[in-house]
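# Structural characterization, general
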Amino acid sequence: MKLAYLFLGPMALLLLAGCCCVLSTSGGNLGTFVGCAVREFTFVAKKPGCRGLRITTDACWGRCETWEKPILEPPYIEAHHRVCTYNETKQVTVKLPHCAAGVDPFYTYPMAVRCDCGPCSTATTECDTV
């Protein structure tokens, strides 16, 4: 179970941070961009017993087409929900500074290689249900 948290935690962080970092871009108008792309962002890697390390990496960012329409038969709604999600990732490991004795100083996080609009998968993304 701990292994799942070590993987899902950073993935959720990367997706959320990629979606929240709208103001600091160097190209294009992100306010009107529709699609899914790899985008650079920075976060602080933290682990109990170690100091934080500022990391710049790649994450998925974007908006994807989504819609719902009512229908007459159950479930009474037809839904098409796509999210910007990881298609391919690479695991990166860094050594955190100044770790206490007995604490593993290594921190592994996923780096986006390719992103696509697709169904939300709880294996790589924190999904909200409709």
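Everything in this summary refers to the structure shown in the same document. Treat the numbers as computed from the prediction; the structure is a model and nothing was measured.

### Focus: the overall build of the protein
Along its length, the protein carries 1 helix and 6 strands. Here the protein, with 130 residues, has 29% of them falling under the buried criterion. When contacts within the protein are restricted to residue pairs at least 6 apart in sequence, long-range pairs at least 24 apart make up 60% of them. Entry remark: accessible area of the protein is about 8600 Å², with carbon and sulfur atoms responsible for 58%.

### Looking at the nonpolar core
By size, the foremost hydrophobic cluster in this structure holds 19 residues, and its most contacted members are Phe43, Tyr107 and Tyr109. A per-element tally of this core places strand S6 (residues 106–118) first, with 5 residues.

### A closer look at the state of the cysteines
Within the structure shown, the criterion is met by 4 disulfides. A sulfur-sulfur separation of 2.1 Å characterises the disulfide bridge that pairs Cys60 with Cys115. Because the sign of the S-S torsion sets the handedness, a value of about -85° for the bond joining Cys60 and Cys115 places this disulfide among the left-handed ones. Of the two residues, Cys60 sits in strand S2 (residues 53–63) while Cys115 sits in strand S6, which places them 55 residues apart along the sequence. For the pair shown, Cys60 and Cys115 are each scored as buried.

What counts as what
In every chain, residue numbers begin from 1 and rise along the written sequence. Where local features are concerned, this predicted model is filtered to residues with pLDDT of at least 70; where side-chain atom pairs are given and counted, the filter is 80 or more; whole-chain, interface and lining totals use all residues. Note that water and hydrogens are dropped before the side-chain values are worked out from all heavy atoms of the structure. Strands here are runs of E lasting at least two residues and helices are runs of H or I lasting at least four, both read from the DSSP assignment and numbered beginning at the N terminus. Exposure classes here rest on a 1.4 Å probe applied to the protein chains alone. A residue is buried below 20% of its type maximum, exposed above 50%, and partly exposed in between. Contact between two residues is taken to exist if any of their heavy atoms lie within 4.5 Å; hydrogens are not considered. In these tables, accessible area is a Shrake-Rupley quantity obtained with a 1.4 Å probe, and a residue counts as shielded only by the protein chains included in the view. Definition used in this section: a nonpolar core is a set of buried Ala, Val, Leu, Ile, Met, Phe, Trp, Tyr and Cys residues joined via side-chain atoms within 4.5 Å. Cysteine sulfur pairs qualify as disulfides if the two atoms are within 2.5 Å.

Remember that the coordinates give geometry; whether it matters functionally is a separate question.
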